[in-house]
Amino acid sequence: MSSKKQAIFISSLVILWYSSNIGVLLLNKFLLSNYGFRFPIFLTMCHMSACAILSYVSIVFLKIVPLQTLKSRSQFVKIATLGIVFCGSVVGGNISLRYLAVSFNQAVGATTPFFTALFAYLATLKREAWVTYAALVPVVTGVVIASGGEPSFHFFGFVVCISATAARAFKSVLQGILLSSDGEKLNSMNLLLYMSPIAILVLLPAALIMEPNVVEVTLSLGREHKFMWLLLLVNSVMAYSANLTNFLVTKHTSALTLQVLGNAKGAVAVVISILLFKNPVTVIGIGGYMITVMGVVAYGEAKRRFR
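Owing to the predicted nature of the structure, the values given are computational and were not obtained by experimental measurement.

What counts and how
- Residues numbered from 1 in each chain as written.
- Predicted model: local features only at pLDDT ≥ 70, side-chain atom pairs only at ≥ 80, totals over all residues.
- Heavy atoms only, no water.
- Helix = DSSP H or I, 4+ residues; strand = E, 2+ residues; numbered from the N terminus.
- Rg over C-alpha atoms; globule rule 2.2 N^0.38 Å.
- Buried < 20%, exposed > 50% of the residue type's maximum accessible area, 1.4 Å probe, protein only.
- Contact = heavy atoms within 4.5 Å.
- Areas by Shrake-Rupley, 256 points an atom, 1.4 Å probe, with all protein chains shown as cover.
- Lys, Arg positive; Asp, Glu negative; His and termini not counted.
- Charge placed at Lys NZ, Arg CZ, Asp CG, Glu CD.
- Core = buried A, V, L, I, M, F, W, Y, C linked by side-chain atoms within 4.5 Å.
- Salt bridge = Lys/Arg side-chain N within 4 Å of Asp/Glu carboxyl O.
- Axes fitted to C-alpha atoms, helices over the stretch in contact; angles between N-to-C directions.
- Parallel < 35°, antiparallel > 145°, perpendicular 65-115°, else oblique.
- Left-handed = near helix turned anticlockwise from the far one by under 90°.
- Polar contact = N/O pair within 3.5 Å; in protein donor to acceptor, adjacent residues only side chain to side chain.

1. Examining the overall build of the chain
Thought 1: Tallying secondary structure elements over the chain gives 13 helices and 0 strands in all.
Thought 2: Sequence-ordered secondary structure for the chain, helices as α and strands as β, is α-α-α-α-α-α-α-α-α-α-α-α-α.
Thought 3: The C-alpha atoms of the chain give 19 Å as radius of gyration, which agrees with the globular expectation for 307 residues (19 Å, within 12%).
Thought 4: Projecting the C-alpha coordinates of the chain onto the three principal axes gives extents of approximately 55 × 50 × 50 Å.
Thought 5: Counting over 307 residues, the chain shows a buried share of 46%.
Thought 6: Taking contacts inside the chain between residues at least 6 apart in sequence as the whole, the part at least 24 apart equals 86%.
Thought 7: Carbon together with sulfur atoms contributes 71% to the accessible area of the chain, which is approximately 15,500 Å² in total.
Thought 8: Measuring between centres, the 23 positive side-chain charges of the chain sit 8 Å from its 8 negative side-chain charges.

Pasting the structure below:
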């Protein structure tokens, strides 16, 4: 009975993780491309605000994880650096959704292992087995093929999406290096608690300078569309839920299970986005994405075997 309850609990977590990730992705696309809300920096600031508030509530009041305090100014500087890189990756991902279909956005995002391996080698000069690097060839090849077969390909959107993917990989490598000592390690929920306010401080002036009419247009859209504020609220809460459920799924499953579930999540997001937004796709584009996903799976398996 206990194992049955455990299975139900983990299944529920995975469903919530999928729902949060795919939900925030689709809502981002809807708000930025279909709703007239063309403010990716402000949208990211809304996400970070929700993450800051809900992280504090979850850790301090609900005690989902113990509160970890910062021990030095050096540790704060490292977390601030991570926060800025993380902030850049999220903003870049949101900007790319203005120009790219969600399906192609996910195909490009699947190249994260390639950039992670590249930055890990450049930062530490530690080599993996040659089989591991060989598995990255289809990861990149698949995206090249998918780009050629993408009917709504947008060069600027593609460059921003690639940059956001690289920034996300760089953040994970940087996190491993900067917070490697036992005294400085933070779990992902505490790291989010400290990174989110830093991200808000960076995003607020950026939004005011680069999106000067954001307040005026947002208030106008709020008067025109009665569900505008609800959509923004749900979208922001989902952004936090995606981080929380990712942490919980990681905690209650193995790294391999998480990787498999993550690959499947991307495929589910692609299918749902095509059905919802009806963006045109080609056989070449779908084939390219499948090659990339197979490369990611092979890369994960190679790393596991040759660790």
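2. Structural notes on the nonpolar core
Thought 1: Counting residues in hydrophobic clusters, the biggest one holds 58 residues, and the most contacted among them are Phe37, Ile79, Met189 and Leu203.
Thought 2: Elements with a contribution of two residues or more to this core: α1 (2–34), α2 (40–61), α3 (73–96), α8 (155–178), α9 (188–210), α10 (214–224), α11 (228–252) and α12 (255–277).
Thought 3: Every residue in contact with Ile79, bar those within four places of it in the chain, is listed here: Leu70, Leu179, Leu186, Leu191, Tyr194, Met195 and Ile198.
Thought 4: The next biggest cluster of nonpolar side chains, apart from the first, holds 11 residues, and it includes Phe104, Val108, Val143 and Val270.

3. Overview of the environment of Gly23
Thought 1: By the secondary structure assignment, Gly23 is in helix α1.
Thought 2: A relative accessible area of 16% places Gly23 in the buried class.
Thought 3: Through-space distance from the C-alpha of Gly23 to that of Asn235 is 7.7 Å; in sequence the pair is 212 residues apart.
Thought 4: The residues contacting Gly23, other than those within four sequence positions of it, are Tyr18 and Met238.

4. Topic: the pattern of salt bridges
Thought 1: Counted by the stated rule, this structure contains 3 salt bridges.
Thought 2: Arg305 is paired through a salt bridge with Glu301; the nearest N and O atoms lie 2.7 Å apart. Note that Arg305 and Glu301 are positioned in helix α13 (residues 283–305) at a spacing of 4 residues, about one turn of the helix.
Thought 3: Taking relative accessible area as the criterion, Arg305 reaches 63% and is therefore assigned exposed.
Thought 4: For Glu301, a relative accessible area of 24% translates into the label partly exposed.

5. Here we look at the packing of helix α7 (residues 136–148) against α13
Thought 1: Close contact between α7 and α13 brings their axes to 7 Å; oriented N to C, the two are set at 165°. As far as their axial angle goes, α13 and α7 are roughly antiparallel. In this structure, the crossing between α7 and α13 has a hand that is left-handed. Between α7 and α13, the residues in contact are Leu136, Pro138, Val139, Gly142, Val143, Ile145 and Ala146 and Ile284, Gly285, Gly288, Tyr289, Ile291, Thr292, Gly295, Val296 and Tyr299, respectively.

6. A look at the side chain of Asn190
Thought 1: Inspection of the secondary structure puts Asn190 in helix α9.
Thought 2: Asn190 gets classed as buried once you look at its relative accessible area, which sits at 0%.
Thought 3: Polar contacts involving the side chain of Asn190 include one to the main-chain carbonyl oxygen of Pro66, which spans 3.0 Å.

7. Some thoughts on the side chain of Asn105
Thought 1: Along the chain, Asn105 turns up in helix α4 (residues 102–109).
Thought 2: On the basis of relative accessibility, which here comes to 8%, the residue Asn105 falls in the buried class.
Thought 3: Beyond its immediate sequence surroundings of up to four residues, Asn105 is in contact with Leu25, Gly93, Ser96, Leu97 and Cys161.

Honestly, that's just the spatial picture; any functional story needs more than this.
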